[in-house]
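Summary of the model geometry
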Amino acid sequence: PFWGSRCELYTAPPSTPPATCLSQYCADKARDGVCDEACNSHACQWDGGDCSLTMENPWANCSSPLPCWDYINNQCDELCNTAECLFDNFECQGNSKTCKYDKYCADHFKDNHCDQGCNSEECGWDGLDCAADQPENLAEGTLVIVVLMPPEQLLQDARSFLRALGTLLHTNLRIERDSQGELMVYPYYGEKSAAMKKQRMTRRSIPGEQEQEVAGSKVFLEIDNRQCVQDSDHCFKNTDAAAALLASHAIQGTLSYPLVSVVSESLTPERTQLLYLLAVAVVIILFIILLGVIMAKRKRKHGSLWLPEGFTLRRDASNHKRREPVGQDAVGLKNLSVQVSEANLIGSGTSEHWVDDEGPQPKKVKAEDEALLSEEDDPIDRRPWTQQHLEAADIRRTPSLALTPPQAE
Ligand SMILES: [Ca+2]
Ligand SMILES: [Ca+2]
Ligand SMILES: [Ca+2]
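The name given to the protein chain in an unreviewed UniProt entry is Neurogenic locus notch homolog protein 2 isoform 1 preproprotein, with the source organism recorded as Macaca mulatta.

What follows is the structure, encoded as structure tokens:
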């Protein structure tokens, strides 16, 4: 579609009706794990994902009116210049520079020593060596990539691997660590051996699983945009579009590593764990608060049981309950209370309990009981009288007290 003496002119390809993948050939070849170029088209879901890292529609979230997969053309197409449309394959960033000292910068990438000459976007910001003191700026999610390299080999080559993917995504990547701090790189046995493993597991026959060949690695990657956001507004806020862009590079055949599949996990295991812990903590705190409220209520209930009787007496219901026994013992108790309350007037405070208990009664009882005192007091009350009692008695009731034993002593 380019023409003119210096290929400076461009005509858009004629709009074609939406293609369909009718070929029986492609239907047979789809999802067999091998990319068949004849079926590597949007209509054929990129050979059922075989050509696109198992992602059948990398542009699924792209709402552009343009079929952006047809516009990877070294021209800027603003309508495709969104994260969901994979930033038009970064074709709107002007002339994409290449790293000037590429060999040197590759050797010194992510070596924990800042090489200012490599601290540029095209050189991958020296693997963040010059931004070690800056806070990380992680994109949401995790990239889970299967690559046909055994874990040991991948870990040895990790810096180059991360640099290559970072160059495609125009940001920095790192291998995620699990809760024990171990790098999350696991052996991958391939789809076929995975199926065989399942069969063996169900048969429960051969214990030797070591004979399975490690076909590659499953590696978990995080995106750190701490440098990207300073130099560019084309940074992936989550790993979905980043995974799709890697898939589009697979379609174009511009990957430098033998990737098999790419998946974007929206929540990292750590984050789900954190969320889970947070939820548990909230539940525990709520439970403690609830327990506190219940305990406080119970304390109040218990309190009413052992607080001085004056409290319960004032209540109508308990008053009725308590009156009957009091009535039976009335003679002795009331007599005592009369005496004590009189003693209390003078100043002895040793028996407030009874005073409180019978608080309301002495007033009305006084008159009627004074008569009973002389008749029935003698056989019941044999306690010795104190000086205070005597004084109290002497002052007011000399005639009736003449018969009591203490006075005889
Ligand atoms: Ca295929
Ligand atoms: Ca374009
Ligand atoms: Ca460095």
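What follows picks up the thread again.
Moving on to the packing of aromatic side chains. Overall, the coordinates contain 7 aromatic pairs when judged by the stated rule. Judged by centre distance (5.9 Å) and plane angle (45°), the ring pair of Trp46 and Trp59 falls under tilted. On the criterion of sequence distance, the pair formed by Trp46 in helix H2 (residues 45-48) and Trp59 in the loop between H2 and helix H3 (102-107) is long-range, its members being 13 residues apart. The class for Trp59 is buried, based on a relative accessible area of 4%. Ring geometry for Phe87 against Phe90: centres 5.6 Å apart, planes inclined by 40°, an arrangement best described as tilted. Ring pairs connect the aromatic residues Trp46, Trp59 and Trp69, which therefore count as one cluster.

This part takes up the layout of surface pockets. Taken as a whole, the second largest pocket spans an internal volume of roughly 620 Å³. Gly33, Asp50, Thr54, Leu259 and Val260 are, among the 26 residues lining the second largest pocket, the residues nearest its centre. Counting residues per element, the ones that place at least two in the lining of the second largest pocket are helix H6 (190-203), helix H8 (239-252) and strand E7 (259-265). Classifying every residue of the lining of the second largest pocket by side-chain character gives 12 nonpolar, 8 polar and 6 charged.

Looking now at the coordination of the calcium ion (ligand 3). The protein atoms that coordinate the calcium ion (ligand 3) are His108 (O), Asp111 (OD), His113 (O), Asp115 (OD), Asp126 (OD), Asp126 (OD) and Asp129 (OD), at distances of 2.3 to 2.7 Å. Each donor residue of the calcium ion (ligand 3) lies on the same chain, and together they follow the pattern H-x2-D-x1-H-x1-D-x10-D-x2-D. Highlighted residues: Asp115 in the loop between H3 and strand E3 (142-147) and Asp129 in the loop between H3 and E3, separated in sequence by 14 residues. Looking at Asp129, the relative accessible area reads 10%, which means it is buried.

All right, on to the coordination of the calcium ion (ligand 1) then. Within the protein, the atoms that donate to the calcium ion (ligand 1) are Lys29 (O), Asp32 (OD), Val34 (O), Asp47 (OD), Asp47 (OD) and Asp50 (OD), at distances of 2.2 to 3.2 Å. Considering all 6 donor atoms around the calcium ion (ligand 1), the spread of angles at the metal, 44 to 166°, places the coordination shape in the irregular class. Mapped onto the sequence, the residues coordinating the calcium ion (ligand 1) show the spacing K-x2-D-x1-V-x12-D-x2-D. Remark: Asp47 occurs in helix H2 and Val34 occurs in the loop between helix H1 (24-29) and H2; sequence separation between them is 13 residues.

The next thing to look at is the environment of Leu165. Here Leu165 shows up in helix H5 (residues 158-169). Separated by 81 residues in the primary sequence, Leu165 and Leu246 have C-alpha atoms spaced 8.1 Å apart. The residues contacting Leu165, other than those within four sequence positions of it, are Ile145, Leu173, Leu221, Leu246 and Leu259.

The grouping of Tyr276, Leu277, Val280, Ile284, Phe287, Ile288, Leu291 and Met295 at the surface amounts to a nonpolar patch, some 840 Å² of accessible area in total. On the secondary structure map, Ile288 appears in helix H9 (residues 269-306). Looking at Ile288, the relative accessible area reads 54%, which means it is exposed.

For H8, built from 14 residues, the straight-helix expectation of 20 Å at 1.5 Å per residue is met to within 8% by its first-to-last C-alpha distance of 20 Å. Judged by how many residues are buried, H8 sits mostly within the fold: 12 of 14 residues are covered. Within the sequence span of H8, burial applies to Thr239, Ala241, Ala242, Ala243, Ala244, Leu245, Leu246, Ala247, Ser248, His249, Ala250 and Ile251. Buried residues belonging to H8 abut H2, E3, H5, strand E6 (216-224) and E7. Its side-chain oxygen placed 2.9 Å from the backbone nitrogen of Asp240, Asn238 serves as the N-cap of H8. Of the residues one or two after H8, Gly253 is the one with positive phi, at around 75°.

Reading the values: rules and limits
- Residues numbered from 1 in each chain as written.
- Chains lettered and ligands numbered in written order.
- Predicted model: local features only at pLDDT ≥ 70, side-chain atom pairs only at ≥ 80, totals over all residues.
- Heavy atoms only, no water.
- Phe/Tyr/Trp six-rings, centres within 6.5 Å; stacked < 30°, edge-to-face > 60°.
- Helix = DSSP H or I, 4+ residues; strand = E, 2+ residues; numbered from the N terminus.
- Buried < 20%, exposed > 50% of the residue type's maximum accessible area, 1.4 Å probe, protein only.
- 1 Å grid on protein atoms, 1.4 Å probe; cavity = no way out; pocket = protein on both sides within 12 Å on 5 of 7 lines; lining within 4 Å.
- Points joined across faces, edges and corners; volume = space filled by probe spheres on them.
- Nonpolar A, V, L, I, M, F, W, Y, C, P; charged D, E, K, R; others polar.
- Donors = N, O, S within 2.8 Å, 3.2 Å for Na, K, Ca; no water.
- Tetrahedral: all angles 85-135°; square planar, octahedral: opposite > 155°, others 65-115°.
- Contact = heavy atoms within 4.5 Å.
- Patch = residues over 30% accessible without salt bridge, like charges linked within 9 Å, V, L, I, M, F, W, Y side chains within 5 Å.
- Areas by Shrake-Rupley, 256 points an atom, 1.4 Å probe, with all protein chains shown as cover.
- Salt bridge = Lys/Arg side-chain N within 4 Å of Asp/Glu carboxyl O.
- Expected span 1.5 Å × (residues − 1).
- Polar contact = N/O pair within 3.5 Å; in protein donor to acceptor, adjacent residues only side chain to side chain.

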